[in-house]
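# A closer look at the structure
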Amino acid sequence: MISRFTIRTLGTALTAFALGAPLNGHAQDTTTKGVRIGLRYDVGVKPGILVLPINGANGDSIRTMLMRDFDYGDRLTVITLDSANAAALVPASPGAYNYSVIAQMGAQVLVTGSVSGGELKVESFDVAKAGPYQRGAFALRGDALGPDWRMSVHVAADEVENWIFGSRGVAATRILFDRKGDGKIYIIDSDGANERAVTRAGTCMSAAWAPNAQSFAAACTGSGGAMRIHVQDFKSSTPRWVHSTGSLSAAPAFSPDGSTIIYASSDDDGVTDLVSIGVGSSGAAHSITAKRGGINTSPAFSPDGQRIVFTTDRLGTPQVYISNVDGTSPEVLSELITGTSQKTNPDWSPDSRSIAYQSTVGGEFQIFVTNVRDNSSKQLTSEGRNQEPSWAPDSRHLVIASSRSGPSQLWVLDTESGRVRQLTRRGANHRLPAWSPYLGSQK
Amino acid sequence: MTRSIRIALMLAGTIAGTAACHKKLPPAGAKTTPVTDTDAAARERARQDSIRRAEQARRDSIDRANRANQGTETPPGPTTRTVEEMRRILAQPVYFDLDKSDLTESSRAALDAKIEILRDKPEIKIRINGHTDDRGSDEYNLALGMRRAAATKEYLITHGIDASRFEVQSFGAEQPAAEGQNEEAWAKNRRCEFEIQGLK
């Protein structure tokens, strides 16, 4: 959450301070109290972060983006100051920050930045130690304020979080989705910017990221009428590989190494099985579920690629099952098998620990997360219809389709705090979102 | 009425019945209206009646959906039907229960009318398109629609029509016949539709 801080005596304070803290380029190990990851902070308390005005071209936009990214990450409390008040905190002498005032505002981390020569330089300061903490330079790619440029700023925000927590943020990510009745696959930045269609012809649904984020798979109906699996590069507008078996091929998922796709294949006898096929292969798909149950669909891999989680009706109503990748050793995930509760659309968290899925509660789908180790489950939503969860790379945030505000939109759900934010706002009937891997290392 | 609601109502009835059998004595001086076993039995009967009425309403909505497309007049025999009459009968959708691919009595009657024509006109081919309502997950519904199309095809085959005359396809919940979040709309969307080829 963003906290608001009013400064009444800032000008006086700024003229009265003097810098006495030594410059220190490296973080010191402080393990006495609190949590030591980067900076020291207390468990359950979100450290405060203050971003000062960014010098150079489009500095205001960069500052706004950084603050929003830190806020959306749900690990930091962003101290919001308008530009004038923030500018008053910039010292006349380089590095001579008034740490006592900044600390009074609740900030434990101070961030400054400047743009020059197509590069964003970012520096962070440890307010408690009154000195520099970490710094980095980030190339601003593409046209100013364009999609690549914005992704560069997200990369910087994620890296600042990495300095503080020892793990990157997830701002430099995107989400694929489709809209029911529309037929195109869309992509949108994690902060809701740059929404655009990535497919043109056909009617597509159920997009899935290739692990290298260069391409995606989707289930698409062409002119022939049958639904098939397409794999398309983001740089292209047409699929580079089309594959199908049986009468209908749907719900594709890439293996973590990107070599294999598993999907749901329906035969003329009405049985829907999970099958696997090498990406690009012209051979036959291998059966995984081998006609166990009438319907097997919505698969996802475990991060190590050894197991899968999927939906099956082999107990009657649809339930979530885990099995080995070849279909052996199937076991039901959900601890409670209630006769009429449907559990579908599972997704395995990147850290392997959790599986998110949707389950009916009072006739409406709600989002649940099950801890894989002890099989304990937690209901995360209750307002409207909430479905089709997909994990962010941080294994903390989920993107879901929700009807809480009317016709289905995509929302981001923080599984730790329960906080939600609306991701999409244009159109309606958004569904089947898929959160990308981290995109920051892409050229 | 869904199965879960029926179970909830029955459970509520059981709990209420149990409570009626294990009443605590009221404290001295307290003004109470005694609850008799007759009252509990009457409530239980009312509950059961309510369950039966809801179940009947659900059945009726499916039958209405079937009848609405079948027309009320007795169709003429196959030799005297016009092409348009045959097309209408062949194209009549058949309807299903929630999350089911079993053919209901009225759906079998609609298919029997088609079988009569298909036997008489071997040149006719049909694509059977399975559809669902939108209460399940969309990916699951694609599979459920296929199961409905396959069950429909199976019925026609077991009544002597050659399998090579049919194709099956599923649209899941992608192409609803009726909009709305109510049983009337859902009943119209849980269906198989028929695309006719070769009827002249």
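Higher on the page you've got the structure.
None of the values given here were measured: they were computed from a predicted structure.

## Looking at the interface of chain B and chain A
The figure often quoted for interface size is the accessible area lost as the parts come together. Counting residues at the interface gives 24 residues for chain B, matched by 35 residues for chain A. Both sides together, the interface formed by chain B and chain A hides about 2,300 Å², and carbon and sulfur atoms give 55% of it. Where chain B packs against chain A, one counts four salt bridges. The salt bridge partner of A:Asp313 is B:Arg147, with a shortest N-O separation of 2.6 Å. In this assembly, chain B and chain A are joined by ten residue pairs in polar contact (both at pLDDT 80 or more). The set of elements that each furnish at least two residues to the side of chain B that touches chain A consists of helix 1 (3–21), helix 5 (138–158) and strand 3 (166–172) of chain B. Of the residues assigned to the side of chain B that touches chain A, the class counts are nine nonpolar, five polar and ten charged.

## With respect to the pattern of salt bridges
Within the structure shown, the criterion is met by 27 salt bridges over all chains. With a shortest N-O distance of 2.8 Å, B:Asp138 and A:Arg431 are connected by a salt bridge. A residue pair is termed interchain when its members come from two chains, as with B:Asp138 in helix 5 and A:Arg431 in strand 32 (residues 430–435). For the pair formed by B:Asp138 and A:Arg431, the shared burial category is buried. A salt bridge links B:Glu116 to B:Arg81; its shortest N-O distance comes to 3.8 Å. With B:Glu116 in helix 4 (residues 105–120) and B:Arg81 in the loop between helix 2 (37–70) and helix 3 (83–91), this pair connects stretches of sequence that are 35 residues apart. Residues joined in a network through salt bridges with shared partners are A:Arg68, A:Arg150, A:Arg174, A:Asp189 and A:Asp191.

About the criteria used
Residues numbered from 1 in each chain as written. Chains lettered and ligands numbered in written order. Predicted model: local features only at pLDDT ≥ 70, side-chain atom pairs only at ≥ 80, totals over all residues. Heavy atoms only, no water. Contact = heavy atoms within 4.5 Å. Buried area = accessible area lost by both parts, 1.4 Å probe. Salt bridge = Lys/Arg side-chain N within 4 Å of Asp/Glu carboxyl O. Polar contact = N/O pair within 3.5 Å; in protein donor to acceptor, adjacent residues only side chain to side chain. Helix = DSSP H or I, 4+ residues; strand = E, 2+ residues; numbered from the N terminus. Nonpolar A, V, L, I, M, F, W, Y, C, P; charged D, E, K, R; others polar. Buried < 20%, exposed > 50% of the residue type's maximum accessible area, 1.4 Å probe, protein only.

In short, the description is geometric, and any link to function would need to be established separately.
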